[in-house]
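Here is how the chains run, residue by residue.
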Amino acid sequence: MVEKPQQKNKQTKLKKEGRIVTILGPTACGKTRRAVTLAKALDGEIISADSRQVYREMNLGTGKDLEEYDDVRYHLIDICEAGNKYNLHNYLRDFHNALENIIQRGKRPIICGGSGMYLENALSGIRLPEVEPNLELRHRLSNFSLEELTQILKGYKTLHNTTDIDTPKRAIRAIEIEEYYQVHPEEALLSNRKNAAPLDSLIIGLDIPLEQRREKISRRLEKRLEEGMVEEVENLLSSGINPEDLIYYGLEFKYLTLYVIGELSFDEMRKKLEIAIHQFAKRQMTWFRGMERRGFKIHWLPFDLSEEDFLKRVLNLLYIN
């Protein structure tokens, strides 16, 4: 294990002893392995920031790689039944609970993931209240089109939820939340990034050149197909999960489900899925670059550093020499 930098004088110290470390990057760049390395070196525990690894029995398709964690404790993986629809609100609630639990036990939180929306909102310190269903409102809006619901949303002076409104059901939920905020303005303040207290986190981005990223994505896809990714989807469908619910998760589960139910041939599935994953990785990087424009300092390190060099670089960022 790499030792911490030697103290040159009594002024050498951690910038903040319990500072959070975040590891982000596009799919297939090795985030989990790096997070585990840091967790072992810094007596930390990992909080996943992956929108699909929360689901149980969805292992190969979400790239959990649970064997990489070794004896490092992790959070927000396998916390939700497959077929459910976990969302940002759920994530922020569970994230803050996990974060507070780790800190209370004197461990260092290591956030790791590639879901930009989850990462950015968590790092922003936003907290979303529990909003109970408004059955009267839902009934009143039940026959409205998505376009009409979108226009209603635009009428709110401050729109807190600008995502997840691609279906009437989600748009109605967004309106429901906005109505709640009208009655509870004090909670609306906490959900607004302008009023939130950002987390003090050193953010490390894993920088991987495009061609190497594409190569690793393609190689990993073939490996997971060989390991039984098709059988994983077949088992989920056999357990009673509707195909539409798996398709909802996108990427692997969308195209593998379409193959299993006979709407795509195996070669069509593999080709379309490979293209979709490459496009997803590009969108991830676009989001991370956007985070930088929005004020997040990301320290980009080469994805292929040796473990020793990676630790040295991160520890040098954590310590003042």
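For clarity, every value in this text was computed on a predicted model and none was experimentally measured.

A.B. asks: I tried to follow the packing of aromatic side chains on my own but got confused; where do I start?
C.D. replies: Given two aromatic rings, their pairing is described by the distance between the two centres and the angle made by the two planes. By the definition in use, this model includes 8 aromatic pairs. Between tyrosine 248 and tyrosine 249, the ring centres sit 5.7 Å apart and the planes meet at 70 degrees, which makes this aromatic pair edge-to-face. For tyrosine 249, a relative accessible area of 9% gives the class buried. Ring pairing ties together the aromatic residues Tyr55, Tyr248, Tyr249 and Phe253, which thus form one cluster. Over the ring of tryptophan 300 we find arginine 289, and its NZ or CZ is 4.6 Å from the ring centre. In this structure, arginine 294 packs its charged tip against the face of tryptophan 287, placed 6.0 Å from the ring centre.

A.B. asks: Quick question: what am I supposed to make of empty space enclosed by the protein here?
C.D. replies: The gaps of empty space that remain are located by a probe, the size of a water molecule, rolled over the atoms. Scanning all chains against the criterion turns up 1 cavity of 30 Å³ or more. Along the walls of the largest cavity sit Leu60, Ile217, Arg220, Leu221, Arg224, Met229, Glu252 and Ile277, which together make up its complete lining. Looking at which element gives the most residues to the lining of the largest cavity, the answer is helix H8 (residues 210-227), with 4 residues. Looking at the lining of the largest cavity residue by residue, the classes come out as 5 nonpolar, no polar and 3 charged.

A.B. asks: Help me understand the pairing of strand S1 (residues 20-24) in this model?
C.D. replies: Looking down a regular strand, the side chains alternate between one sheet face and the other. With 5 of 5 residues buried, S1 is to be regarded as a mostly interior element. Alternating positions in S1 separate into two faces, Ile20, Thr22 and Leu24 on one and Val21 and Ile23 on the other, with burial throughout. Of the pairings in the sheet, the one linking S1 to strand S5 (residues 201-207) comprises 5 bridges and is parallel in character. Of the residues in S5, the one forming a bridge with isoleucine 23 is isoleucine 204.

A.B. asks: Sorry, what's going on with the pairing of strand S4 (residues 108-113) here?
C.D. replies: The buried fraction of S4 is high, at 6 of 6 residues. Across the two faces of S4 the burial is the same, with Arg108, Ile110 and Cys112 and Pro109, Ile111 and Gly113 all buried. The pairing of strand S2 (residues 44-49) with S4 spans 6 bridges and is parallel. Within S4, the residue paired with isoleucine 46 across the bridge is isoleucine 110.

A.B. asks: Explanation requested: the layout of surface pockets in the structure shown.
C.D. replies: A volume near 200 Å³ is recorded for the second largest pocket. Among the elements of the structure, helix H3 (116-124) and S5 are those that each provide at least two residues to the lining of the second largest pocket. Broken down by element, the lining of the second largest pocket gets its largest block of residues, 3 residues, from S5. Class assignment for the residues of the lining of the second largest pocket results in 6 nonpolar, 4 polar and 4 charged.

Criteria and cut-off values
Residues numbered from 1 in each chain as written. Predicted model: local features only at pLDDT ≥ 70, side-chain atom pairs only at ≥ 80, totals over all residues. Heavy atoms only, no water. Phe/Tyr/Trp six-rings, centres within 6.5 Å; stacked < 30°, edge-to-face > 60°. Buried < 20%, exposed > 50% of the residue type's maximum accessible area, 1.4 Å probe, protein only. Lys NZ or Arg CZ within 6 Å of the ring centre and 35° of its normal. 1 Å grid on protein atoms, 1.4 Å probe; cavity = no way out; pocket = protein on both sides within 12 Å on 5 of 7 lines; lining within 4 Å. Points joined across faces, edges and corners; volume = space filled by probe spheres on them. Helix = DSSP H or I, 4+ residues; strand = E, 2+ residues; numbered from the N terminus. Nonpolar A, V, L, I, M, F, W, Y, C, P; charged D, E, K, R; others polar. Pairing = 2+ DSSP bridges.

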